[in-house]
Amino acid sequence: MPLHLYHEPVKGHLYCYGLDSSRGGGGDNSVLDVLDASVSPPTEVVCLRSNKLDAMDLAKNARDLHDYGYEVARGNKYIPRSGGLVPEITGDKDIVHQLQSRFDLDFWYVQEKEAKPRSLEPVAVNFGFHTSEASKTTIVSFLHACLVRRALFYSNPWLQDEARYWSRFEGNWKYGLASGHSGGHGDVTMAIALALAGVVVVQENAGIAPFCREAQSVRVSQSYWEWEARSGPWKRQGHLAAR
């Protein structure tokens, strides 16, 4: 099982899970990434990545990790949108059913749905994260800004490799077309970006100082990912574990 435990769980710490599922069977990867939101900067503690796992497998592993000690941050019952379980729910609805059978809704990240212009209807919510072009741009840009500011400590060896497949055109992050011809993947990037979305909310509701205040003002450059893929300064800085 391609499960990597980079740091042992600490009792009382707040953990956020980003889950990007696939159908398994050797196609796209399913990825589960866990960040510790109780430390500064937030630190990657677990990464599970495999193209053999489907939504049920990913949900089962998430529950096993929670029971092992990486306890998903539970939401405050008085504050909505405050849990640390952040599955991507756009492409694979089965992940929702599999997780709901294993986790109470108190653990879930709750996302407001994009309101229709000039609509007077109450804003509905998603349990989990629905990725649109706009929301994907937001979370990937924030991940990029955190990496620029060294405001995230990660250990997996895939994020840097995936950099070459992401670029920014006309204000939106795009998963590069070249990846489809060269076996590239963007799944780890998405899983970490989802977990970071959970960290922001969990820390805010726990009264923890923002870990990357400057990230909101960092200008996102199209060439950043490609430059990092070539030069790899995080490895020299100790932000990337030895392969």
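The rules we used
- Residues numbered from 1 in each chain as written.
- Predicted model: local features only at pLDDT ≥ 70, side-chain atom pairs only at ≥ 80, totals over all residues.
- Heavy atoms only, no water.
- Buried < 20%, exposed > 50% of the residue type's maximum accessible area, 1.4 Å probe, protein only.
- Helix = DSSP H or I, 4+ residues; strand = E, 2+ residues; numbered from the N terminus.
- Pairing = 2+ DSSP bridges.
- Core = buried A, V, L, I, M, F, W, Y, C linked by side-chain atoms within 4.5 Å.
- Contact = heavy atoms within 4.5 Å.
- Expected span 1.5 Å × (residues − 1).
- Axes fitted to C-alpha atoms, helices over the stretch in contact; angles between N-to-C directions.
- Parallel < 35°, antiparallel > 145°, perpendicular 65-115°, else oblique.
- Nonpolar A, V, L, I, M, F, W, Y, C, P; charged D, E, K, R; others polar.
- Polar contact = N/O pair within 3.5 Å; in protein donor to acceptor, adjacent residues only side chain to side chain.
- Salt bridge = Lys/Arg side-chain N within 4 Å of Asp/Glu carboxyl O.
- Phe/Tyr/Trp six-rings, centres within 6.5 Å; stacked < 30°, edge-to-face > 60°.
- Lys NZ or Arg CZ within 6 Å of the ring centre and 35° of its normal.

> What is the right way to read the pairing of strand β3 (residues 30–36) from this model?
Put simply, side chains in a regular strand alternate between the two faces of the sheet. Extensive coverage of β3 is indicated by the burial of 7 of its 7 residues. Sheet topology note: the strand β2 (residues 15–20)/β3 ladder contains 6 bridges and is antiparallel. Residue pairing in the sheet places cysteine 16 in a bridge with leucine 35 of β3. Sheet analysis places β3 next to strand β4 (residues 43–50), joined by 7 bridges and oriented antiparallel. Looking across to β4, one finds that aspartate 36 is bridged to threonine 43. Following β3, the chain reverses through 6 residues before pairing antiparallel with β4.

> Mind showing me how you'd approach the nonpolar core here?
As a rule of thumb, nonpolar side chains are buried together in soluble globular proteins. Membership of the largest hydrophobic core comes to 33 residues, with the highest contact counts inside it found for Phe129, Ile139, Leu143, Cys146, Leu152, Leu196 and Phe211. Residue contributions to this core peak at 12 residues, all from helix α6 (residues 187–206). For leucine 196, the contacting residues outside a window of four places in its chain are Leu35, Phe142, Leu143, Cys146, Leu152 and Phe211. Val46, Ala62, Tyr70 and Ile95 belong to the second largest nonpolar core, which has 24 residues in total.

> Would you explain α6 in this entry?
The end-to-end C-alpha distance of α6, which contains 20 residues, comes to 29 Å, matching closely the 28 Å that a straight helix rising 1.5 Å per residue would cover. With 16 of 20 residues buried, α6 lies mostly within the body of the structure. Where α6 terminates, the next one or two residues include glycine 207, which has phi positive at roughly 75°.

> Help me out: how do you make sense of the packing of helix α3 (residues 133–148) against α6 in this one?
Axes are the key here: two packed helices are described by the angle between their axes and the distance separating the axes. Following both chains from N to C, one finds α3 and α6 inclined at 85°, their axes separated by 9 Å at the closest point. Overall, the two elements α3 and α6 adopt an arrangement that is roughly perpendicular. For the pair formed by α3 and α6, the contact residues are Lys136, Ile139, Val140, Phe142, Leu143 and Cys146 on the first element and Thr189, Met190, Ile192, Ala193, Leu194, Leu196, Ala197 and Val200 on the second. Looking at the contact of α3 with α6 residue by residue, the classes come out as 12 nonpolar, 1 polar and 1 charged.

> Teacher, can you tell me more about the side chain of glutamate 88 here?
Structurally, glutamate 88 can be placed in the loop between β5 (85–87) and α2 (94–100). Within the local environment of glutamate 88, its side chain forms a polar contact with the side chain of threonine 131, the two groups lying 2.7 Å apart. Leave out the neighbours within four places in its chain, and glutamate 88 touches Leu19, Asp20, Ile95, Phe129, Thr131 and Leu194.

> For this particular structure, what's the right way to read the pattern of salt bridges?
Side chains carrying opposite charge are able to pair once their charged atoms draw close together. Throughout the structure, instances matching the rule amount to 3 salt bridges. With its nearest N and O atoms 3.2 Å apart, the salt bridge here joins lysine 60 to aspartate 64. Placement of the pair is lysine 60 and aspartate 64 together in helix α1 (residues 55–68), with a separation of 4 residues, close to one helical turn. Residue aspartate 64 is classed as partly exposed on the basis of its relative accessible area of 38%.

> Mind showing me how you'd approach the sheet that holds β4 here?
The pairing of strands in a sheet comes from backbone hydrogen bonds and takes either a parallel or an antiparallel form. Strand order across the open sheet formed by 5 strands is β1-β4-β3-β2-β5, with mixed pairing between neighbours. Pairing within the sheet leaves two strands with one partner each, and these edge strands are β1 (3–5) and β5. The sheet shows a mean angle of 10° between the axes of neighbouring strands, direction not considered. Where β2 and β5 come together, 3 bridges link them in parallel fashion. From the neighbouring strand, leucine 19 faces β5, where its bridge partner is proline 87. Across the sheet, α6 lies against β2, β3, β4 and β5, angled at about 145° from β2, the strand it touches most.

> What is the right way to look at unusual backbone geometry in this model?
In most cases, non-glycine residues show a negative phi, while peptide bonds are predominantly trans. Look at the link from serine 40 to proline 41: it is a cis peptide, with omega at 0°. Mapped onto the fold, proline 41 is located in the loop between β3 and β4.

> I keep staring at the side chain of glutamine 98 and nothing clicks. Help me out?
Its place among the elements puts glutamine 98 in helix α2. Not counting residues up to four positions away in its chain, the partners in contact with glutamine 98 are Ala55, Met56 and Ala59.

> What is the right way to look at the packing of aromatic side chains in this model?
The way to describe two aromatic rings as a pair is by their centre distance and the angle between their planes. Counting across every chain of the model gives 4 aromatic pairs. Taken together, a centroid distance of 6.0 Å and an interplanar angle of 35° make the contact between tyrosine 109 and phenylalanine 129 tilted. Within this pair, whereas tyrosine 109 is found in the loop between α2 and β6 (110–112), its partner phenylalanine 129 is found in the loop between β7 (125–127) and α3, the two being separated by 20 residues in sequence. Each of the two residues, tyrosine 109 as well as phenylalanine 129, counts as buried. Members of the aromatic cluster, connected to one another through ring pairs, are Tyr15, Tyr68 and Tyr70. Here arginine 63 stacks its cationic end above the ring of phenylalanine 103, 5.1 Å away from the centre of that ring.

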